[in-house]
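Below, each chain spelled out in residue letters.
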Amino acid sequence: MQFPESWLREFCNPPLSTQQLADTLTMAGLEVEELRPVAPPFSGVVVGEIVTAGQHPNAERLRVCEVDVGKAERLTIVCGAANARAGIKVPLATVGAQLPPAEDGKPFTIGVGKLRGVESYGMLCSARELQLSEDHSGLLELPQDAKLGLDVRVLLDLDDTLFTLKLTPNLAHCLSVFGVARELSALTGAPLQSPTFTPVATSLNDVLPVNIAAPDLCGRFSGRIVRNVNPMAKTPQWMVDRLARCGQRSVTPLVDISNYVMFEVGRPSHIFDFDKIHGGLEVRWGRAGERLKLLNGSTVELDDSVGVIADEQAVESLAGIMGGDATAVSDETRHVYVEAAFWWPRSIAGRSRRFNFSTDAGHRFERGVDPATTCEHIERITQLIVEICGTPNTQVGPTTDQQSAMPQAAPVVLRVDRVCKVLGMTLTQEQCATALRALGLEVQESSRKLIVTAPSYRFDLQIEEDLIEEIARVVGYDKLPDTPPIAPVTARILPEARRNPYAVRHAMAGLGYQETINFSFVEERWERELAGNASPIRLLNPIASQMSVMRSTLIGSLIQVLKFNQDRKAQRVRVFEVGRVFLRDPSVQNSDETVQGFDQPMRLSALATGLSDAPDWTGAKREVDFYDAKGDMQALFAPLSLRFEAADHPALHPGRCARVWLQDRPIGFVGELHPQWCQAYELNQTPILFEIDLEPLVSRQVPVFSGVSKFQAVERDIAVLVEESVSHDDLMRVIWAAPVQGLLRQANLFDIYRPANSSEKSMAIRLSLNSDGRALTDVEIDASVATVLAELSDKLGAKQRA
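Residues numbered from 1 in each chain as written. Predicted model: local features only at pLDDT ≥ 70, side-chain atom pairs only at ≥ 80, totals over all residues. Heavy atoms only, no water.

S.K.: Looking at this structure, how should I read the overall build of the protein?
M.R.: A count of helices and strands for the protein gives 21 helices and 41 strands. Counting only C-alpha atoms, the protein reaches 120 × 85 × 60 Å along its principal axes. Burial statistics for the protein: of 802 residues in total, 48% are counted as buried. Considering only contacts within the protein whose residues lie at least 6 apart along the sequence, 68% involve residues at least 24 apart. Entry remark: accessible area of the protein is about 40600 Å², with carbon and sulfur atoms responsible for 50%. In the protein, which carries 81 positive and 102 negative side-chain charges, the distance between the mean positions of the two groups comes to 2 Å. (Helix = DSSP H or I, 4+ residues; strand = E, 2+ residues; numbered from the N terminus. Buried < 20%, exposed > 50% of the residue type's maximum accessible area, 1.4 Å probe, protein only. Contact = heavy atoms within 4.5 Å. Areas by Shrake-Rupley, 256 points an atom, 1.4 Å probe, with all protein chains shown as cover. Lys, Arg positive; Asp, Glu negative; His and termini not counted. Charge placed at Lys NZ, Arg CZ, Asp CG, Glu CD.)

S.K.: Would you take a moment to explain the pattern of salt bridges for this structure?
M.R.: For side chains bearing opposite charge, pairing can occur when the charged atoms are close. In this structure the tally under the stated criterion is 49 salt bridges. Two residues, Arg245 and Asp160, come together in a salt bridge whose shortest N-O distance is 3.6 Å. In this pair, Arg245 is assigned in helix α5 (residues 237-245) and Asp160 in the loop between α3 (152-155) and β11 (161-166), connecting sequence segments 85 residues apart. (Salt bridge = Lys/Arg side-chain N within 4 Å of Asp/Glu carboxyl O.)

S.K.: It is not clear to me how helix α11 (residues 416-423) should be interpreted in this structure. Could you clarify?
M.R.: At 3.6 residues per turn, the α-helix brings residues three or four places apart onto the same side. For α11, every residue scored as buried is listed here: Val416, Val419, Cys420 and Leu423. One side of α11 holds all its buried residues, which, seen down the axis, span an arc of 95°. Just downstream of α11, Gly424 is the residue with a positive phi angle, here 70°. (Arc of directions from axis to C-beta.)

S.K.: What is the right way to read the sheet that holds strand β40 (residues 760-769) from this model?
M.R.: In a beta sheet, neighbouring strands are held together by backbone hydrogen bonds and run either parallel or antiparallel to one another. An order of β39-β40-β38-β41 is seen for the four strands of this open sheet, with the pairing classed as antiparallel. Both outer strands of the open sheet, β39 (744-753) and β41 (799-800), are each paired with one neighbouring strand and no more. Summarising the sheet, strand β38 (residues 714-723) and β40 pair through ten bridges and their orientation is antiparallel. In the sheet register, Ala719 faces β40, and the bridge partner there is Ala764. Contacts between helix α20 (residues 728-737) and the sheet are confined to β38, β39 and β40, with β39 contributing the most and set at about 150° to the helix. Where helix α21 (residues 778-796) meets the sheet, it contacts β38, β40 and β41, and its direction lies at approximately 20° from that of β38. (Pairing = 2+ DSSP bridges. Axes fitted to C-alpha atoms, helices over the stretch in contact; angles between N-to-C directions.)

S.K.: When you look at the side chain of Ser709 in this model, what are you seeing that I'm missing?
M.R.: Within the secondary structure, Ser709 is located in the loop between α19 (695-698) and β38. Reaching out from Ser709, the side chain makes a polar contact with the backbone nitrogen of Phe711 at a distance of 3.2 Å. Among the polar contacts listed, one links the side chain of Ser709 to the backbone oxygen of Ser771, at a separation of 2.8 Å. Here Ser709 is in contact with Asn770, Ser771 and Asp772, once residues within four sequence places are set aside. (Polar contact = N/O pair within 3.5 Å; in protein donor to acceptor, adjacent residues only side chain to side chain.)

S.K.: Would you mind showing me how to read the sheet that holds strand β24 (residues 412-415) here?
M.R.: Read across the sheet, three strands follow the order β24-β26-β25 without closing on themselves; strand pairing throughout is antiparallel. Either end of the sheet is taken by a strand with one partner, and the two such strands are β24 and β25 (442-446). The average angle at which neighbouring strand axes cross in this sheet is 25°, direction not considered. When β25 meets strand β26 (residues 449-453), the two strands line up antiparallel, connected through five bridges. By the bridge assignment, Gln444 is partnered in β26 with Ile451. α11 contacts β24 and β26 of the sheet and is inclined by roughly 65° relative to β24. Contacts between helix α12 (residues 429-438) and the sheet are confined to β24, β25 and β26, with β25 contributing the most and set at about 165° to the helix.

S.K.: Which parts of the structure should I look at to understand helix α14 (residues 501-510)?
M.R.: Taken as a whole, α14 has its buried residues at Val504, Arg505 and Met508. Around the axis of α14, the buried residues are gathered within 100° of arc, so they sit on the same side. Turned more than 90 degrees away from the buried face of α14 sit Tyr502, His506 and Gly510, all of them exposed. The opening residue of α14 is Asn500, an N-cap whose side-chain oxygen sits 2.8 Å from the backbone nitrogen of Tyr502.

S.K.: What am I meant to see in the packing of aromatic side chains here?
M.R.: The geometry of an aromatic ring pair is captured by two quantities: the separation of the ring centres and the angle between the planes. For the structure on display, the rule yields eleven aromatic pairs. Here the aromatic rings of Phe3 and Phe163 are separated by 5.8 Å at their centres, their planes lie at 15°, and the arrangement is stacked. Placement of Phe3 in strand β1 (residues 2-4) and of Phe163 in strand β11 is noted, with a sequence separation of 160 residues between them. Here Phe3 falls in the buried class, since its relative accessible area comes to 0%. The class for Phe163 is buried, based on a relative accessible area of 0%. With 5.9 Å between their ring centres and 15° between their planes, Phe342 and Phe459 make a pair best called stacked. In this pair, Phe342 is assigned in strand β21 (residues 336-343) and Phe459 in the loop between β26 and α13 (464-475), connecting sequence segments 117 residues apart. (Phe/Tyr/Trp six-rings, centres within 6.5 Å; stacked < 30°, edge-to-face > 60°.)

S.K.: Whenever I open this one, a nonpolar patch on the surface confuses me. Can you help?
M.R.: Together, Val95, Val112 and Tyr121 make up a nonpolar patch on the protein surface, roughly 240 Å² of accessible area in all. For Tyr121, the position within the fold is in the loop between β9 (118-120) and β10 (123-124). Here Tyr121 falls in the partly exposed class, since its relative accessible area comes to 33%. (Patch = residues over 30% accessible without salt bridge, like charges linked within 9 Å, V, L, I, M, F, W, Y side chains within 5 Å.)

S.K.: Honestly, the packing of helix α2 (residues 18-27) against helix α4 (residues 177-188) in this entry has me stumped. Any pointers?
M.R.: Relative placement of two packed helices is described by the angle separating their axes and the distance separating the axes. Where α2 contacts α4, the axes come no closer than 10 Å and their chain directions differ by 90°. Judged on the interaxial angle alone, α4 and α2 are roughly perpendicular. Within the contact between the two elements, α2 uses Leu21, Thr24 and Leu25 and α4 uses Val180, Leu184, Leu187 and Thr188. Tallied by class, the residues present in the contact of α2 with α4 amount to five nonpolar, two polar and no charged. (Parallel < 35°, antiparallel > 145°, perpendicular 65-115°, else oblique. Nonpolar A, V, L, I, M, F, W, Y, C, P; charged D, E, K, R; others polar.)

S.K.: Got a minute to help me understand the pairing of strand β15 (residues 281-285) in this structure?
M.R.: On a regular strand, each side chain points to the face opposite its neighbour's, so the side chains alternate between the two faces of the sheet. Relative to β15, strand β12 (residues 210-212) is paired through three bridges, and the arrangement is parallel. Note that in β15 the partner of Asn211 across the bridge is Glu282.

S.K.: Whenever I open this one, the environment of Gly189 confuses me. Can you help?
M.R.: Secondary-structure assignment places Gly189 in the loop between α4 and β12. The class of Gly189 is exposed, set by a relative accessible area of 61%.

S.K.: It is not clear to me how the environment of Ala372 should be interpreted in this structure. Could you clarify?
M.R.: For Ala372, the position within the fold is in the loop between α9 (360-365) and α10 (374-389). The class of Ala372 is partly exposed, set by a relative accessible area of 35%. With residues near it in sequence (within four places) discarded, Ala372 still touches Arg220, Met406 and Ser456.

S.K.: What's the story with the pairing of strand β4 (residues 63-68) in this structure? I'm lost.
M.R.: Looking at chain direction, strand β3 (residues 43-55) and β4 are connected through six bridges and run antiparallel. Bridge pairing links Gly54 to Val64 in β4. Bridge count between β4 and strand β5 (residues 75-79): five bridges; the pairing is antiparallel. Its bridge partner being in β5, Cys65 is matched across the sheet by Ile77. Between the antiparallel neighbours β4 and β5 lie six residues, among them Gly70 with a positive phi of about 85°.

Here is the structure:
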């Protein structure tokens, strides 16, 4: 929420500086997110009136103006603005004036200049040149009653400060300037200037019949007819300025009035074109099949979960959110119907987000707006309509007020002892009562207890803890004592059998990868193409159309990072992400850490492309390949052994993809990105990727001591002929399964030979044999080698190569 400090001080003006005021609000829970001046610093700019504006003798697009600044001599100014004409008052930067710095950050000083032979003693300014707005279509025209020579900063109140508050949902009563002032008065004790709305005299008896058919939607509905208004009137500059400083642009006077009252007292309202309403109004829930074109131009489909205001022919407004286009006020409007209502927060909450937009009205109503002041606020709106859009024939009808289901505040019992215990500081009953009364709460005192009734504008005060929070806000969070905990604070230490995920991140960084962090919301296309997921988990309220589903793989995010880097000429990219994926799993039940029907495992995914190593003086260059990624995975899991077997994956190249196994359990995939997706995602290099479950990586066996053999190991080389389809993993699995009584210590493949015109290949393996208790004999060594060869022959059909 944004507003100017000057407006706030009209309601409550404590003797505090701007920064002190901001600190006071922040320490009371109304976080001041930003303080920003209305205008940047500049000086020497005054109000001037153009007396004459003649054509420049040597330039077609320039005019020579005589400008009166309230002094004896008029100033000659050369100006090129299209709206420079006699009789208007504009900002004049006099000689020596300091204007806001340009984009280079350097100050701009006005001096005497000569333009096409004519001397100019200053500069007439546009709003953009003073950095008041982006408008540079012409000179900034000032009010005609502005005093000549007056400093423009004083005239336009440019030394004001804009406050931007970041409010939590329970502070709905502060979503207006008066609401913040009410809090400020309670915090500082400064007097509060409550607005008084004098009833406007009625001059006709016309009323619009209204039926509240859904009391669970609308608790109170008030309205009034105002006839013969002038929608073409000009919104006063003071209102335009205040709206702009609240972040709201001026639209039309009737719309501006409604917006102004919302910012002033927190009451969203709506002004209908009365002549466009057919019959009476009905407040009800929507019906399936109904459609409504809104003021923002969009058309929405309605159902029975959305509240509406309808006339006898159609739906005319989305209750508490936005009005309809059919009954919107326009330049032809002559008679209006002013509406102010109380909508139950639960009936408004989430409705606007369902249609992918949000409004200031919906933001306030879903948090709660005071139901007791609808009639008073209609009087305020009527007063402004008569004042700004009134004509000699304007007539005001009586206010109709229907109350179908008003909220009733239930008293809350507050124990003083409980307050002291929760806040950790000693407070008396009088201090607690004083703090609550300052906030406008009704308090009845008894022995060490307070019976508190919340005012109608406080929907957040329901239980004892709510009142304790209010006391803490008024007393000041900075006043709470610093009490160290009695129990020792110790970090949660992971068991030795688990590795911290940050250790995995450090290990990946040590392998030359850089970490990326990406959204869990991704494009549906990624899920369909890269994960083969035809039914991804959809978001009910996506933050963007291209982020509509939850990811079931991290690959798409890494490809996006690669594309981003390649577009910026990065030739070597090595990135990884540790993140959560989201899978449908009916076996998952609700718990503190799980959601029924959805599995959310953590995964590690990495991508590498370009050179395998950074360029160096040796000049050796090699593109990263499958075996680089495989080696990185093996380094991560060492000393555990991984097994790789050929497999298929929707994102990876068929024939260049492998499933990764750890102890007979599949944990992921590794391979080269499919050429189809390289082309589809416009990649100029083919990346190597792997994705594995994080759980087996952080789970590890605790090392167990074993002695080193005192005897020398014996090595024997064997070469066997096997079918081309036999893999290294197949070979090693059979060798290690051979019954050699624990004598085999190492087995390494050191050569592969493929004879010409043969379907077989020769694989040479070096076996290392040893015993902890004795030196091996030739008989034992030969028997072990023979056993290995027999197993290879039996399981793989291997033949020893002569």
